[in-house]
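Structural overview
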Amino acid sequence: MLRTPLDEDEDHPADSLPLTPEEALALFRGALGNDPATGLLLAVSGGPDSIAMLGLAAAVRAYLPPLAVATVDHGLRPEAAEEAKMVAALCKVLELPHCTLVWQDRPAAPVSQEAARKGRYAL
């Protein structure tokens, strides 16, 4: 079984965890506001920040709208495809739907961060 950041055990008592489940839920609910969302799409790159967000969301999913996860493979770095596979495998363990989106129509020239962001948003 995969440990999430909010799992408690004899080596990690609840009072030593960085956030309680209630605090994690408050973060997500604060981001949603009063929007009656019918679903929540998490953009998970495979980096530590997005993996932490995924773990927190999975831990409090019973209190959130239905979750799905997407990873964008911009095709700009050789390791991007492997990172997307890692996120997909983690989502399988967490029993969350995952989709890898591949940026097919990227420019041939060197791509700026702004162009990559626009490509992500278009996907």
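This write-up is about the structure you can find in this document. (Residues numbered from 1 in each chain as written. Predicted model: local features only at pLDDT ≥ 70, side-chain atom pairs only at ≥ 80, totals over all residues. Heavy atoms only, no water.)

Structurally, the position occupied by aspartate 73 is in strand 2 (residues 67-73). We note that aspartate 73 is buried and unpaired, the nearest opposite charge coming from arginine 77 at a distance of 7.3 Å. Residues within four places of aspartate 73 in sequence aside, it is in contact with Ala80, Ala81, Thr100, Leu101, Val102 and Trp103. (Helix = DSSP H or I, 4+ residues; strand = E, 2+ residues; numbered from the N terminus. Buried < 20%, exposed > 50% of the residue type's maximum accessible area, 1.4 Å probe, protein only. Lys, Arg positive; Asp, Glu negative; His and termini not counted. Salt bridge = Lys/Arg side-chain N within 4 Å of Asp/Glu carboxyl O. Contact = heavy atoms within 4.5 Å.)

Before going further, it helps to spend a moment on the packing of helix 2 (residues 48-59) against helix 3 (residues 80-94). In contact at an axis separation of 11 Å, helix 2 and helix 3 are set at 10 degrees when each is read in the N-to-C sense. Taken as axis vectors, helix 2 and helix 3 run roughly parallel relative to one another. Judged by the sense of rotation from one axis to the other, the crossing of helix 2 with helix 3 is right-handed. Contact with helix 2, carried on its side by Ile51, Leu54 and Ala58, involves Met86, Val87, Leu90, Cys91 and Leu94 of helix 3 and no other residues of that element. The class makeup of the residues in the contact of helix 2 with helix 3 is 8 nonpolar, no polar and no charged. (Axes fitted to C-alpha atoms, helices over the stretch in contact; angles between N-to-C directions. Parallel < 35°, antiparallel > 145°, perpendicular 65-115°, else oblique. Left-handed = near helix turned anticlockwise from the far one by under 90°. Nonpolar A, V, L, I, M, F, W, Y, C, P; charged D, E, K, R; others polar.)

With that settled, the discussion passes to the sheet that holds strand 3 (residues 98-102). Taken in spatial order, the 3 strands of this open sheet run 1-2-3, and their pairing is parallel. Of all strands in the sheet, those bounded by a partner on one side alone are strand 1 (40-43) and strand 3. Each adjacent strand pair in this sheet contributes to an overall mean axis angle of 30 degrees, direction not counted. Both strand 1 and strand 2 contribute to a ladder of 4 bridges, which runs parallel. From the neighbouring strand, alanine 43 faces strand 2, where its bridge partner is alanine 70. The strands that helix 2 touches are strand 1 and strand 2; relative to strand 1, the one it contacts most, it runs at about 150 degrees. (Pairing = 2+ DSSP bridges.)

Okay, the pattern of salt bridges next. Scanning the model with the defined rule gives 4 salt bridges in all. Between lysine 85 and glutamate 82 there is a salt bridge, with the nearest N and O atoms lying 3.5 Å from each other. With lysine 85 and glutamate 82 both in helix 3 and 3 residues apart, this pair spans about one turn of that helix. According to the relative accessible area criterion, lysine 85 is exposed, its value standing at 54%.

Before going further, it helps to examine the pairing of strand 1. Here strand 1 shows one buried face, formed by Leu40 and Leu42, and one open face, formed by Leu41 and Ala43. The parallel pair strand 1 and strand 2, bridged by helix 2, forms a crossover whose chirality is right-handed. (Right-handed = clockwise from strand over helix to strand, strands pointing away.)

With that settled, consider unusual backbone geometry. Positive phi, close to 60 degrees, is recorded for glutamate 95, a residue that is not glycine. Mapped onto the fold, glutamate 95 is located in the loop between helix 3 and strand 3. The exposed category is assigned to glutamate 95, whose relative accessible area is 70%.

Checked against the element boundaries, alanine 80 lands in helix 3. On the basis of relative accessible area, alanine 80 is assigned to the buried category, the value being 10%. Sequence-wise, alanine 80 and glycine 46 are 34 residues apart; in three dimensions their C-alpha atoms are separated by 8.9 Å.

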